[in-house]
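Working through the structure, step by step
Given next are the chains, with one letter for each unit.
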Amino acid sequence: MLTFKKNLINSNFIANLYNIRTAGLKYFGPPIQYEDFQPVERPKLRVMEKVPQYPPNMRPPKMQKRLKLMRGPELIHNTLLHKQYGIIATGGGRLRWGHFEMIRNTIGRKIDVNRMIATWRVPPPWQPLTKKGQGQRMGGGKGAIDHYVTPIKSGRVIVEISGKCEFAEVAPMLKQVAHLLPFKAEAISEDILQERIKMEEQLERSNTNPFTMKYVIQNNLNGCHRWLSPFDHKWFGKYL
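Keep in mind that this is a model prediction, so the values were computed, not measured.

Quick word on the domain arrangement of the protein
Each domain of the protein was delimited in the assignment, giving domain 1 (37-53 + 60-132 + 142-206) and domain 2 (207-239). Computed over C-alpha atoms only, the centres of domain 1 and domain 2 are separated by 31 Å. At the junction of the two partners, domain 1 supplies eight residues and domain 2 supplies five residues. For the pairing of domain 1 and domain 2, the buried interface totals around 550 Å² over both sides, and the portion due to carbon and sulfur atoms is 62%. By the criterion of area lost to domain 2, the three top residues of domain 1 are R71, P73 and S206, representing 61% of everything that side buries. Applying the counting rule to domain 1 against domain 2 returns zero salt bridges.

The following block contains the structure:
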């Protein structure tokens, strides 16, 4: 019994001997150099016009719904110009003037104007939407213009933030704005965007299953052409 206790004490002493806490130097990475940053006169988002400005002798034109303006992927404005941070749409929808004001006020309250710049990447509301008054009968022509919207496609960059800042600083305000938009959107950075593109290319290269959605639709497997829409033939089930 005494031998067992003696061995236990020796083992505890040896264990504590190797677990002695000592002070050391913690390594911090070098700070990011923002050499390309140049301050501007107006770093905050500008106020968007609620109604497009037409010539005084021109009646505001009406327009069809044109849902194709919200369908499919965005092919032009789908990258970050300043290569830093922004909000990108992951689904189609429409922005009203109230949404523009919400974005402007939310970012304007939380942005540091001394080292950050916010930039619009979408035009002001331009597409007219008509609406008839309550209680009217059917017929009588197209209704009057009720308000204007900006159609958004999936992958469109809504707003950008650049300057002397990191993603951890601007992510909370960008996520708050993205959550309040009328369509699915997310806060994103250039690193996340490039990593996502590389991941998609890698998955496409490493895919060993020949029966992809594109192959199934193009070859009409199981008679899928009977219930597919023309948009499935165009984007192969990726976009609505």
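What to know about unusual backbone geometry
It is generally the case that most residues other than glycine have a negative phi and that most peptide bonds are trans. In this model, R66 sits at a positive phi of 50°, which is unusual for a non-glycine residue. Among the structural elements, R66 can be located in the loop between α1 (2-18) and β1 (85-89). Taking the relative accessible area as the measure of exposure, R66 reaches 37% and is therefore partly exposed. Unlike most non-glycine residues, N222 shows phi in positive territory, near 60°. Tracing the chain through its elements places N222 in the loop between α5 (213-218) and α6 (230-235).

Describing the sheet that holds strand β3 (residues 116-120)
Across the sheet, which stays open at both edges, the four strands sit in the order β3-β6-β1-β7 with antiparallel pairing between neighbours. In this open sheet, the two edge strands, each paired with only one partner strand, are β3 and β7 (185-189). Recorded for the sheet is a direction-independent mean angle of 20° between the axes of neighbouring strands. Pairing between β1 and β7: five bridges, direction antiparallel. From the neighbouring strand, G86 faces β7, where its bridge partner is I188. Across the sheet, helix α2 (residues 97-110) touches β3 and β6 (157-163), and the angle it forms with β3 is around 175°. Along the sheet face, helix α3 (residues 167-180) touches β1, β3, β6 and β7 and points at about 165° away from the line of β7.

Section: the packing of aromatic side chains
Evaluation of the coordinates by the stated rule reveals five aromatic pairs. Measuring from centroid to centroid gives 5.7 Å for Y85 and F167, while their planes differ by 40°, and the two rings are tilted. On the criterion of sequence distance, the pair formed by Y85 in strand β1 and F167 in helix α3 is long-range, its members being 82 residues apart. For Y85, a relative accessible area of 11% puts it in the buried group. We classify F167 as partly exposed; its relative accessible area is 22%. For the ring pair W235 and Y239, a centre distance of 6.2 Å and an interplane angle of 80° mean the geometry is edge-to-face. Among the residues examined, W235 registers a relative accessible area of 16% and is labelled buried. Overall, Y239 belongs to the partly exposed group, its relative accessible area being 22%. Through pairs of rings, three or more aromatic residues link up here, namely F231, W235 and Y239. If you follow R71 out to its NZ or CZ, it ends over the ring of F231, 4.0 Å from the centre.

Conventions adopted
- Residues numbered from 1 in each chain as written.
- Predicted model: local features only at pLDDT ≥ 70, side-chain atom pairs only at ≥ 80, totals over all residues.
- Heavy atoms only, no water.
- Domains from an automatic or database assignment.
- Contact = heavy atoms within 4.5 Å.
- Buried area = accessible area lost by both parts, 1.4 Å probe.
- Salt bridge = Lys/Arg side-chain N within 4 Å of Asp/Glu carboxyl O.
- Helix = DSSP H or I, 4+ residues; strand = E, 2+ residues; numbered from the N terminus.
- Buried < 20%, exposed > 50% of the residue type's maximum accessible area, 1.4 Å probe, protein only.
- Pairing = 2+ DSSP bridges.
- Axes fitted to C-alpha atoms, helices over the stretch in contact; angles between N-to-C directions.
- Phe/Tyr/Trp six-rings, centres within 6.5 Å; stacked < 30°, edge-to-face > 60°.
- Lys NZ or Arg CZ within 6 Å of the ring centre and 35° of its normal.

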